[in-house]
Amino acid sequence: MKRKALTAFTLICLLIGIVLTGCSSEGSSGDGSASGGKIHLKFMHDWPKGSSPAYFNLVNEIIKDFEAKHKNVKIDVEVLNPDQYRDKIKVLAASNELPDVGLTWSNGFAEPFATGGQFTPLNDIINKDFKDQFVPGTVESYTFDGKSYALPMEMNITYIFYNKEIFKKYHIDVPKTFDELKQAGEVLKKNRVIPATVGSKDGWPASMWFMYLADRIGGPTILTDVINGKVKMTDPAIVKAAQEVQNLVDDGFFVKGNTAFSNDEAKGYFLNEKAAMFLTATWELPNFTTSPDTSKAFKEKVGYFKFPLYEGGKGTDINSYVGGPGLGAFVAENSKHKDVAKDFAAYLVKEWGKRSVEKAGILPATKVNTNGLNVHPMYLDVLKDINEASNVTTWFDTQASPNVSELHHDMMTALFGKQVTPEEFAQKQADALAKEAKK
């Protein structure tokens with residue numbers, strides 16, 4: 001699906017005054033210029049120390065090592081949380097002020113930046129430094145018209161993480177069907193335990209519940225087929241998935257007030273053992289396995305299970321996942337030091353692949369040989385799941401264009417807040433997709 005370049009981003013320029021000055025930063029900024037005898041490269045990422053310590057520390061370590069090997073280069077780092085980052089990267093693109101190196105989500109999010117001339121092609125770096133090193137399907141998620149515009153850093157799939165001790169205390173078995181999941185929720189509620197926590201304020205964490213229900217009810221390709229124009233967003237299976245989300249809301253399955261919670265705020269209910277379940281992606285593995293900020297006692301209580309099957313649904317394989325390649329490193333087309341920026345991006349991704357497994361429990365997009373590595377058993381279990389996956393559907397909001405993605409997030413918040421009906425939820429997005437297709 002072709003889309004026109006970045007014209008939509010001009011609307012977001014209204015946010016410049018807020019976003020450029022209102023976002024927190026955990027590093028200095030630079031303009032990609034040379035000063036003090038050094039080349040300054042600006043690098044932006046969305047792994048704050050507070051919410052993503054393993055990622056934050058690993059990135060800092062790699063940056064320091066790069067600077068030690070390149071005495072004439074200084075990396076000026078800016079760190080924002082994911083939602084701030086998502087907004088700011090659009091604003092910077094609209095004003096042609098992207099950082100020299102930054103991170104981008106794949107597919108529909110990256111496409112306007114890539115085809116609009118904001119990201120520079122990186123095929124030369126991939127062929128030179130990463131021949132056959134990436135997990136199949138990851139590079140392709142950043143490739144448009146035969147050119148690849150980012151170096152994949154992550155591979156994620158989504159699970160329901162749960163507190164094994166709470167389940168054991170109330171004699172709850174891991175649910176294999178959606179009905180069993182709801183029954184588990186009833187038992188937990190009777191014992192004054194929140195069944196599941198979710199932050200629906202920003203939309204995307206809540207969307208994981210919708211996406212899995214769409215997969216289990218309508219089949220593993222249904223949301224990709226919507227993006228490709230083969231299926232309407234108003235398909236009965238999609239409306240039913242939205243209805244099941246609201247049924248869970250009505251049943252008190254989710255933490256109260258979740259439409260006001262960010263993902264990090266919602267996660268706190270799970271980490272503090274007030275909620276028994278948390279549907280999220282494997283980017284949280286460090287918090288559950290290796291992070292020094294999480295107690296050993298809690299880590300031993302965390303387990304995970306695959307999203308249950310829906311009785312009578314078309315998605316009959318529990319090894320079908322929602323997930324995707326996560327973030328990739330891009331180089332700005334208008335960087336004043338593009339060659340140096342490419343060198344840094346390549347070093348970052350290569351070292352990330354080497355160090356992320358053992359040091360942080362992160363799933364990289366580069367192939368991993370775990371022989372001889374000292375890694376948490378959960379990490380090995382997840383790698384096995386990925387190898388045996390029958391399907392990994394890239395997140396709907398990642399596949400969609402930025403405008404449709406933003407609408408989807410808003411509609412997810414409205415769905416969880418009972419501000420729209422399932423039919424309205426589907427129709428408004430169908431209209432937006434139809435409008436996009438005409439461009």
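Above this text is the structure in question.
So, a few notes on the structure that sits alongside this text.

Calculation notes
- Residues numbered from 1 in each chain as written.
- Predicted model: local features only at pLDDT ≥ 70, side-chain atom pairs only at ≥ 80, totals over all residues.
- Heavy atoms only, no water.
- Helix = DSSP H or I, 4+ residues; strand = E, 2+ residues; numbered from the N terminus.
- Buried < 20%, exposed > 50% of the residue type's maximum accessible area, 1.4 Å probe, protein only.
- Contact = heavy atoms within 4.5 Å.
- Salt bridge = Lys/Arg side-chain N within 4 Å of Asp/Glu carboxyl O.
- Axes fitted to C-alpha atoms, helices over the stretch in contact; angles between N-to-C directions.
- Parallel < 35°, antiparallel > 145°, perpendicular 65-115°, else oblique.
- Left-handed = near helix turned anticlockwise from the far one by under 90°.
- Nonpolar A, V, L, I, M, F, W, Y, C, P; charged D, E, K, R; others polar.
- Phe/Tyr/Trp six-rings, centres within 6.5 Å; stacked < 30°, edge-to-face > 60°.
- 1 Å grid on protein atoms, 1.4 Å probe; cavity = no way out; pocket = protein on both sides within 12 Å on 5 of 7 lines; lining within 4 Å.
- Points joined across faces, edges and corners; volume = space filled by probe spheres on them.

This brings us to the environment of T234. Tracing the backbone through its elements, the reader meets T234 in the loop between α10 (222–227) and α11 (236–250). Looking at T234, the relative accessible area reads 33%, which means it is partly exposed. Note: C-alpha distance between T234 and K190 (44 residues apart in sequence) is 36 Å. Those residues within four positions of T234 in sequence are excluded, and the remaining contacts are V239, A426, Q427 and A430.

This part takes up the pattern of salt bridges. On inspection of all chains with the given rule, the structure shows 21 salt bridges. With its nearest N and O atoms 2.7 Å apart, the salt bridge here joins E61 to R355. Of this pair, E61 sits in helix α3 (residues 53–69) while R355 sits in helix α15 (residues 338–360), and the two are 294 residues apart along the sequence. Linking D124 and K342 is a salt bridge whose minimum nitrogen-to-oxygen distance equals 3.0 Å. Here the residue D124 occupies a position in helix α6 (residues 123–129), and K342 occupies one in helix α15, the gap between them amounting to 218 residues. Residue K342 is classed as buried on the basis of its relative accessible area of 12%. A single salt-bridge network, built from bridges that share partners, covers E61, D65, E351, K354 and R355.

The next subject is the packing of α11 against helix α19 (residues 422–437). Remark: α11 packs on α19, axes separated minimally by 8 Å, with the N-to-C direction vectors making an angle of 135°. Comparing their axes, α19 and α11 come out oblique. Of the two elements, α11 crosses α19, and the hand of that crossing is right-handed. Packed against α11, whose contacting residues are V239, A242, Q243 and Q246, the element α19 presents P422, E423, F425 and A426 at the interface. Classifying every residue of the contact of α11 with α19 gives 5 nonpolar, 2 polar and 1 charged.

All right, on to the packing of aromatic side chains then. Enumeration according to the criterion identifies 35 aromatic pairs in this entry. With a centroid separation of 5.7 Å and 45° between ring planes, the pair formed by Y55 and W352 is classed as tilted. Remark: W352 occurs in helix α15 and Y55 occurs in helix α3; sequence separation between them is 297 residues. Judged by its relative accessible area of 1%, W352 is buried. On the basis of an interplanar angle of 5° and a centroid distance of 4.8 Å, the ring pair of Y212 and F307 is categorised as stacked. Note that Y212 is positioned in helix α9 (residues 204–218) and F307 in the loop between β11 (302–305) and β12 (320–324), a separation of 95 residues in sequence. By relative accessible area, which is 1% here, F307 ends up buried.

What follows deals with the packing of α9 against α11. Packing of α9 against α11 brings their axes to within 8 Å, and their N-to-C directions diverge by 130°. Relative to α11, α9 is oriented oblique. Note that α9 runs across α11; the crossing there is right-handed. From α9, W209, F210, L213, A214, I217 and G218 reach across to α11, where they touch A237, I238, K240, A241, A242, E244, V245 and L248. Here the residues of the contact of α9 with α11 are counted per class, giving 11 nonpolar, 1 polar and 2 charged.

Once that is clear, we can look at the side chain of H409. Within the secondary structure, H409 sits in helix α18 (residues 402–416). Once you skip the residues sitting within four places of it in the chain, H409 turns out to touch R86, D202, G203, W204 and D397.

Turning our attention to the layout of surface pockets. By volume, the largest pocket amounts to about 640 Å³. D46, P82, W204, N263 and W283 are, among the 34 residues lining the largest pocket, the residues nearest its centre. Its residues assigned to classes, the lining of the largest pocket shows 14 nonpolar, 10 polar and 10 charged. Roughly 350 Å³ of volume is contained in the second largest pocket. Elements that contribute at least two residues to the lining of the second largest pocket include exactly α16 (377–388) and β14 (391–394). Here the lining of the second largest pocket takes 4 residues from α16, the largest share from any one element.

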